[in-house]
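A structural walkthrough
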Amino acid sequence: MGTSKRGKASLLFEDPPLILSAASVVGKKEGEGPLGKYFDRIEMDSMLGKRTWEEAESELQTRTARLAIEKSGLDKEEIRYYFGGDLLAQLIATSFGSMDLEFPMFGLYGACSTMGEGLQLGSMTVAGDFADRVLVTASSHFASAEKQFRFPLEYGNQRPLSATWTVTGCGAVVLGKKGKGGGGSPLARVAGITTGKIVDMDFKDSMNMGAAMAPAACDVIYHHLLDFERKPEDYDKIITGDLGKVGKEILIKLLREKGIDIAEVHTDCGIEIFDCEEQGTQSGGSGCGCSAVTLSAHFLKQVEKGALKRILFVPTGALLSTVSFNEGQSVPGIAHAIVIEHA
């Protein structure tokens, strides 16, 4: 089927699936950040005209999915499968947000790594000839995430410097086969993947997600380079999802202990999306939407233009829930690596 296995968790696509289109819709704060000019839409109303924060996030999903399909030049009926996820319990933002699209759907939960999980599964589906075209989305909303995982907004709690700010936004891509896309040339191609495993270092600080996720990012990057027999300099950028400033430092240190130095090529979506000092976001951005919108709006455009020839996209997730945290359990992490190349 045009795919070869590398190591225990990697795949190399000999006929790589193509990213036919990408869309991003974000909130006002994200639009005021360094990447503001790249987003497709900036919603000034954080409620998006809805009654609750959760309904607002569902509306983010709907608007972004429709926009990605529109930009692909395809009819809705030409999308075979939909892979989507969010941070909320039982994926209610995705399930209610995708209802009217009427796609055969796979609901995904990988915490903030969900866009990576969706890209991997969508690419495997296309490369395996199970679908010609699929849609992948991931979203988060600052208010709905704070409400579920931390404190009510009215509480006004003080945030430590290690904390990250959940991005209000949704990113979406349409994946397809060569020669079967609409809307002109593809943005990029997915050349290979390395699926991460859960890494638990018995870390219990829910206000320092970067530290919780950094070991998982280290693990998947290390095994990816091993499986593909590559070095960090084989990539123009290695882009983690939302480690923020604290997690970035830990990741670089952990990889150096393994004899790998990614400092020259590494960046993090959580650092890119906000001006931490000016916007008061402490360590940076986080949430399913963080890596999804930063990839869709910023990095894919650089790959499309050829400014970046090959990137390693590594969304990261902290696999806690309100139940596990309140019961005193640790915060395991996971990360997934996707090789994205100029098409």
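A short tour of the structure in this document, coming up. (Residues numbered from 1 in each chain as written. Predicted model: local features only at pLDDT ≥ 70, side-chain atom pairs only at ≥ 80, totals over all residues. Heavy atoms only, no water.)

Looking only at helices and strands, the protein has 11 helices and 17 strands in total. In terms of C-alpha radius of gyration, the protein reaches 18 Å, essentially the compact-globule figure of 20 Å for 343 residues. Projected onto its principal axes, the C-alpha coordinates of the protein cover approximately 55 × 50 × 35 Å. Within the span of the protein, comprising 343 residues, buried residues form 60% of the whole. Considering only contacts within the protein whose residues lie at least 6 apart along the sequence, 77% involve residues at least 24 apart. Accessible area of the protein: about 13,900 Å², with a carbon and sulfur share of 50%. (Helix = DSSP H or I, 4+ residues; strand = E, 2+ residues; numbered from the N terminus. Rg over C-alpha atoms; globule rule 2.2 N^0.38 Å. Buried < 20%, exposed > 50% of the residue type's maximum accessible area, 1.4 Å probe, protein only. Contact = heavy atoms within 4.5 Å. Areas by Shrake-Rupley, 256 points an atom, 1.4 Å probe, with all protein chains shown as cover.)

This paragraph deals with helix α2 (residues 53-72). If you check α2, its first and last C-alpha atoms are 29 Å apart, about what 20 residues at 1.5 Å a residue would give, namely 28 Å. With respect to burial, α2 is a largely interior element, 14 of its 20 residues being buried. Downstream of α2 by a residue or two, G73 has a phi angle that is positive, lying close to 80°. (Expected span 1.5 Å × (residues − 1).)

The phi torsion at Q90 lies on the positive side, around 60°, for a residue other than glycine. In this fold, Q90 is placed in the loop between β5 (81-85) and α3 (92-97). Judged by relative accessible area, which is 70%, Q90 ranks as exposed. In this model, D129 sits at a positive phi of 65°, which is unusual for a non-glycine residue. Checked against the element boundaries, D129 lands in the loop between α4 (114-127) and β7 (133-140).

The alternating pattern of strand β2 (residues 10-13) places S10 and L12 and L11 and F13 on opposite faces, both of which are buried. Two elements, strand β1 (residues 3-6) and β2, share 4 bridges in a ladder whose sense is antiparallel. Opposite S4, over in β2, you have L12 as the bridge partner. As consecutive antiparallel partners, β1 and β2 are separated by 3 residues, and within that stretch G7 has a phi angle of approximately 65°, a positive value. Across 3 bridges, the pairing between β2 and strand β10 (residues 188-194) is antiparallel. Residue pairing across strands places L11 opposite I193, the latter belonging to β10. (Pairing = 2+ DSSP bridges.)

What follows deals with the nonpolar core. Within the largest apolar cluster, 48 residues are counted, with the highest numbers of intra-cluster contacts made by I19, V173, L175, L300, F313 and I340. Top contributing element to this core by residue count: helix α10 (residues 288-305), with 9 residues. (Core = buried A, V, L, I, M, F, W, Y, C linked by side-chain atoms within 4.5 Å.)

Along the chain, S296 falls in helix α10. The exposure class of S296 is buried, given its relative accessible area of 4%. At 2.7 Å, the side chain of S296 and the backbone oxygen of A292 are in polar contact. (Polar contact = N/O pair within 3.5 Å; in protein donor to acceptor, adjacent residues only side chain to side chain.)

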